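# Understanding the architecture of this molecule
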Amino acid sequence: MGGNSFIKNRENDKWGIGLYSYSLSSIIDERAALAGIPLKNEFGFETFYQYWINDWFSLGVNVQIIEPILKSSESEVFMGLRTSIKL
């Protein structure tokens, strides 16, 4: 889900938020467990905001939180910056 900014006078800015969840088939889960690699469902969340500084340059930030598919893995948080230049 996302769209243009909800901040007054920032109609060129963009925002977004997303969630996902997936799992593998029971056959893959069973085979992975037999190989010593126990699996679980994976979940993720991401949000971003893209701020247009002027008509040709923007700066964006995003955050991702992931609960990996491997049972032995812990949740991870990723943060990033990006820019966009209109030519």
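Right, let's walk through the structure included here. Residue numbers here run from 1 along each chain, matching the order of that chain's written sequence. Given that this is a predicted model, residues contribute local features only at a pLDDT of at least 70 and side-chain atom pairs are listed and counted only at 80 or more, while totals for whole chains, interfaces and linings are drawn from all residues. To obtain the side-chain values, all non-hydrogen atoms of the structure were included, while hydrogens and water were left out.

### Side note on the packing of aromatic side chains
- Put simply, two rings from Phe, Tyr or Trp (the six-membered ring, in Trp's case) pair if the centres are within 6.5 Å, and we call them stacked under 30 degrees between planes, edge-to-face over 60, tilted for the rest. Taken as a whole, this structure holds four aromatic pairs when the rule is applied.
- Geometrically, the ring pair formed by Phe6 and Trp15 is edge-to-face, given 6.2 Å between the ring centres and 70° between the ring planes.
- By relative accessible area, Trp15 is classed as partly exposed at 23%.
- Centre to centre, the rings of Tyr20 and Tyr22 are 6.1 Å apart; their planes meet at 20°, and the pair counts as stacked.
- For Tyr20, a relative accessible area of 33% gives the class partly exposed.
- Overall, Tyr22 belongs to the partly exposed group, its relative accessible area being 36%.
- Here the aromatic residues Phe6, Trp15 and Tyr49 are joined through ring pairs into a cluster of three or more.
- For a ring to carry a charge above it, either NZ of a lysine or CZ of an arginine must fall within 6 Å of the ring centroid while also lying within 35 degrees of the normal to the ring plane. Cation over ring: Lys86 sits above Trp52, and NZ or CZ is 4.7 Å from the ring centre. Relative accessibility decides the category of a residue: with a 1.4 Å probe and only protein chains considered, values under 20% of the type maximum give buried, values over 50% give exposed, and everything between is partly exposed.

### Re the environment of Gly2
- Labels follow the DSSP assignment, with helices taken as runs of H or I lasting at least four residues and strands as runs of E lasting at least two, numbered in each case from the N terminus. Considering the arrangement of structural elements, one finds Gly2 in strand S1 (residues 2-4).
- Gly2 sits 63 residues away from Ile65 along the chain, and the two C-alpha atoms are 18 Å apart.
- Those residues within four positions of Gly2 in sequence are excluded, and the remaining contacts are Trp15 and Gly16. Contacts between residues were defined by any pair of non-hydrogen atoms, one from each residue, lying within 4.5 Å.

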